[in-house]
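# Results of the structural survey
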Amino acid sequence: HTDSTCFSCANLVDTKLASSIADAVWNKHEEVLNAKDTRHKTVLAGYVIRRKEDEKREDLQVVALGTGTKCLPGDEYTLDGSAVHDCHAEIIARRSLIRWIYHQLNTADNP
């Protein structure tokens, strides 16, 4: 008989931080769209940089956002590259993050 320790996700995640990150992403989304109460109307993904100012303060900067659905309807599917086929919010956010990273690199290289 071996003793094992069970961990739940709740034990591994700082729920206050997770809520703060989610709020930051949703607030940025609403700011970009100049709209309120969009939380129940879209699928949203984002990337956030967390900077700890000190023990009590931290800054969350949303650097990439993406909204989207699973895929294009069959009648809108193209092979010529004129439409994005994989429209998951996570994929669009990742593409946005990559653009942000390249922008940061370009800015660092050419001050």
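Here we summarise the structure given alongside this text. As the structure is a prediction and not an experimental result, all values here were calculated from the model.

### Examining the nonpolar core
Of all hydrophobic cores here, the largest spans six residues; its members are Ala24, Val25, Trp26, Leu44, Val62 and Leu65. With sequence-adjacent residues up to four places away left out, Val62 is seen in contact with Ala24, Val25, Lys28, Tyr47 and Val48.

### Some points on the side chain of Glu30
By secondary structure assignment, the location of Glu30 is in helix α2 (residues 15–33). Overall, Glu30 belongs to the buried group, its relative accessible area being 9%. Apart from the residues within four sequence positions on either side, Glu30 is in contact with Ala35, Lys36, Asp37, Thr38 and Arg39.

### Looking at the pattern of salt bridges
For the coordinates displayed, the defined rule picks out one salt bridge. In this structure, Lys28 engages Glu31 in a salt bridge whose closest nitrogen and oxygen atoms are separated by 3.3 Å. Here Lys28 pairs with Glu31, and both are found in helix α2, just three residues apart, close to one helical turn. With relative accessibility at 27%, the residue Lys28 sits in the partly exposed group. Classification of Glu31 by relative accessible area gives exposed; the value is 54%.

### Describing a nonpolar patch on the surface
Residues Ile98, Ile101, Tyr102 and Leu105 make up a contiguous nonpolar surface patch of about 390 Å² in total accessible area. Tracing the backbone through its elements, the reader meets Ile101 in helix α3 (residues 89–109).

### Digging into α3
Taking 1.5 Å as the rise per residue, α3 with 21 residues should run 30 Å; its terminal C-alpha atoms sit 30 Å apart, in good agreement. What α3 keeps buried is the set Ala89, Ala93 and Leu97. The buried residues of α3 occupy an angular sector of 70° when projected down its axis, which confines them to one face. Among the exposed residues of α3, those oriented more than 90 degrees off its buried face are Arg99, Tyr102, Leu105 and Asp109.

Definitions and cut-offs
- Residues numbered from 1 in each chain as written.
- Predicted model: local features only at pLDDT ≥ 70, side-chain atom pairs only at ≥ 80, totals over all residues.
- Heavy atoms only, no water.
- Core = buried A, V, L, I, M, F, W, Y, C linked by side-chain atoms within 4.5 Å.
- Buried < 20%, exposed > 50% of the residue type's maximum accessible area, 1.4 Å probe, protein only.
- Contact = heavy atoms within 4.5 Å.
- Helix = DSSP H or I, 4+ residues; strand = E, 2+ residues; numbered from the N terminus.
- Salt bridge = Lys/Arg side-chain N within 4 Å of Asp/Glu carboxyl O.
- Patch = residues over 30% accessible without salt bridge, like charges linked within 9 Å, V, L, I, M, F, W, Y side chains within 5 Å.
- Areas by Shrake-Rupley, 256 points an atom, 1.4 Å probe, with all protein chains shown as cover.
- Expected span 1.5 Å × (residues − 1).
- Arc of directions from axis to C-beta.

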